[in-house]
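# Coordinates in review
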Amino acid sequence: MNDLQDLYQDIIMDHNRRPRNFGPVEQPTHKKEGYNPLCGDQIELELKIVDEIVVDVGFTGVGCAISKSSASMMTEEIKGKTLEVVTSMFEQFRRMITVNNENDLDVDLLGDLEILQGVSRYPARIKCATLSWHTLNSALEGDGDTVTTE
Ligand code: ZN
């Protein structure tokens, strides 16, 4: 990650050291585990959704700095948002990471998540960055099994 700007790298490392919303949620309505076998990243995501709004979200797990900071930033950005907005964020984030077409992005919607755009230049790390989002998406769709990034 050497050519990421220092500021961006600092923010990512800060989320890695002190992940936000790290821990279980009281009375979660949605729960999902995700696993990225390429890197060994594991996440368990819990959400409390009331009236189509994410009122609480938390995660636990072990993983690399990218997976942990991505999950941490995601929880910060989706808390308090409607499911409709969260779904748009997921689409935007996925496109930012996998397509890297800067002209096409809604950066206001993504907020701090834009920082992770540099990951798109490192194909091996893309699944680290998207693991929490795929887990979120699957949790919202109510799929049964653990999400595995393939
Ligand atoms: Zn990873």
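Structure first, text after, so check above.
This one's a predicted model, so the numbers in the text were calculated from it and none came from an experiment.

What the rule picks out here adds up to 3 aromatic pairs. Measuring from centroid to centroid gives 5.1 Å for Phe-22 and Phe-59, while their planes differ by 90 degrees, and the two rings are edge-to-face. Note that Phe-22 is positioned in the loop between α1 (6–17) and β1 (30–36) and Phe-59 in strand β3 (residues 53–60), a separation of 37 residues in sequence. Here Phe-59 falls in the buried class, since its relative accessible area comes to 3%. Look at Phe-90 and Trp-133: their rings are 6.4 Å apart centre to centre, the planes differ by 25 degrees, and that puts the pair in the stacked class. Residue Phe-90 is located in helix α3 (residues 83–98), and its partner Trp-133 is located in helix α5 (residues 123–141); the two are separated by 43 residues in the primary sequence. As far as burial versus exposure is concerned, Phe-90 and Trp-133 are alike and both buried.

This brings us to a nonpolar patch on the surface. A contiguous nonpolar patch, built from Val-50, Ile-53 and Val-55 and spanning about 200 Å² of accessible area, is present on the exposed surface. With relative accessibility at 31%, the residue Ile-53 sits in the partly exposed group.

What counts and how
Residues numbered from 1 in each chain as written. Predicted model: local features only at pLDDT ≥ 70, side-chain atom pairs only at ≥ 80, totals over all residues. Heavy atoms only, no water. Phe/Tyr/Trp six-rings, centres within 6.5 Å; stacked < 30°, edge-to-face > 60°. Helix = DSSP H or I, 4+ residues; strand = E, 2+ residues; numbered from the N terminus. Buried < 20%, exposed > 50% of the residue type's maximum accessible area, 1.4 Å probe, protein only. Patch = residues over 30% accessible without salt bridge, like charges linked within 9 Å, V, L, I, M, F, W, Y side chains within 5 Å. Areas by Shrake-Rupley, 256 points an atom, 1.4 Å probe, with all protein chains shown as cover. Salt bridge = Lys/Arg side-chain N within 4 Å of Asp/Glu carboxyl O.

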